[in-house]
Amino acid sequence: RFLVPTDDIPVVGVCCPTDPKEPTYLVSVSEYGELNDHLAIPPGTRLDQGKNRGKIIDFLLMSRPLAVLVGTSGGFGSRLVHRKLTDLINEAVTRWNSRDIQGEDEDD
C-alpha cells in the first residue's frame, strides 16, 4: 500500500526478475497501492513479440495508466524491459488516440 494515496492516478508497475526462469509481472494498482489486475509474461519469452506484444498492449489499454514504473532490481534486464515497454506504450497510446477514427471501408 502507498503511504499517501496518489489521488486516483492509475499506475502500472513492472517487476523484472533476476532469475531468467521466473516470469515478468505487470501489475495495475489503485490509488491506494492495491492490486487491480496483473499480467504474467512467461519466462524465456520476449515482451515485444508474438502474443505477449498484444497482451501487454491490451493490458495497458484496459488499465490506462498515467505512469508505468519499472523496478530496477532486475539490473541490466530492467533497462532492456524499459526500452521494449517504451515502444509498446507508444503503440498503445497511438491505438487509444485513434480508437474513434473510422476506417474508409467501415459503415457509419
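Since this is a predicted model, take the numbers as computed values, not measurements.

A count of helical and extended segments in the protein chain gives 2 helices and 4 strands. Listing each helix as α and each strand as β along the protein chain from the N terminus yields β-β-β-α-β-α. Looking at the protein chain as a whole, 25% of its 108 residues are labelled buried. Taking contacts inside the protein chain between residues at least 6 apart in sequence as the whole, the part at least 24 apart equals 51%. Counting every atom, the protein chain has about 7,500 Å² of accessible surface; 53% of that belongs to carbon and sulfur.

In this structure, valine 70 sits in strand β4 (residues 67-70). On the basis of relative accessible area, valine 70 is assigned to the partly exposed category, the value being 23%. C-alpha of valine 70 to C-alpha of valine 14: the two residues are 56 residues apart in sequence and 4.7 Å apart in space. Excluding anything up to four places from it in sequence, valine 70 contacts Val14, Cys16, Ser78, Val81, His82 and Leu85.

Attention now goes to the pattern of salt bridges. Scanning all chains against the criterion turns up 4 salt bridges. One salt bridge connects arginine 46 with aspartate 48, and the closest N-O pair in it is separated by 3.4 Å. Accessibility expressed as a relative area gives 42% for arginine 46, which makes it partly exposed. According to the relative accessible area criterion, aspartate 48 is partly exposed, its value standing at 21%. Linking arginine 95 and aspartate 58 is a salt bridge whose minimum nitrogen-to-oxygen distance equals 3.6 Å. With arginine 95 in helix α2 (residues 76-97) and aspartate 58 in helix α1 (residues 50-63), this residue pair connects regions lying 37 residues apart in the sequence. By sharing partners, the salt bridges in this structure join Arg53, Asp58, Glu91 and Arg95 into a single network.

Quick look at the sheet that holds strand β1 (residues 11-15) now. Strand pairing in a sheet is mediated by backbone hydrogen bonds. Such pairs are either parallel or antiparallel. Spatially, 4 strands are ordered β3-β2-β1-β4 in an open sheet, and the strand pairing comes out mixed. Of all strands in the sheet, those with a lone pairing partner are β3 (35-41) and β4, marking the two edges. For this sheet, the mean inter-axis angle between neighbouring strands, taken without regard to orientation, is 20°. By the bridge criterion, 5 bridges tie β1 to strand β2 (residues 24-29) in an arrangement that is antiparallel. Counterpart to cysteine 15 in the pairing with β2 is tyrosine 25. Sheet strands touched by α1: β1, β2, β3 and β4. Its angle to β3, the strand with the most contacts, is close to 170°. Relative to the sheet, α2 contacts β1 and β4, its axis offset from that of β4 by approximately 160°.

Conventions and cut-offs
Residues numbered from 1 in each chain as written. Predicted model: local features only at pLDDT ≥ 70, side-chain atom pairs only at ≥ 80, totals over all residues. Heavy atoms only, no water. Helix = DSSP H or I, 4+ residues; strand = E, 2+ residues; numbered from the N terminus. Buried < 20%, exposed > 50% of the residue type's maximum accessible area, 1.4 Å probe, protein only. Contact = heavy atoms within 4.5 Å. Areas by Shrake-Rupley, 256 points an atom, 1.4 Å probe, with all protein chains shown as cover. Salt bridge = Lys/Arg side-chain N within 4 Å of Asp/Glu carboxyl O. Pairing = 2+ DSSP bridges. Axes fitted to C-alpha atoms, helices over the stretch in contact; angles between N-to-C directions.

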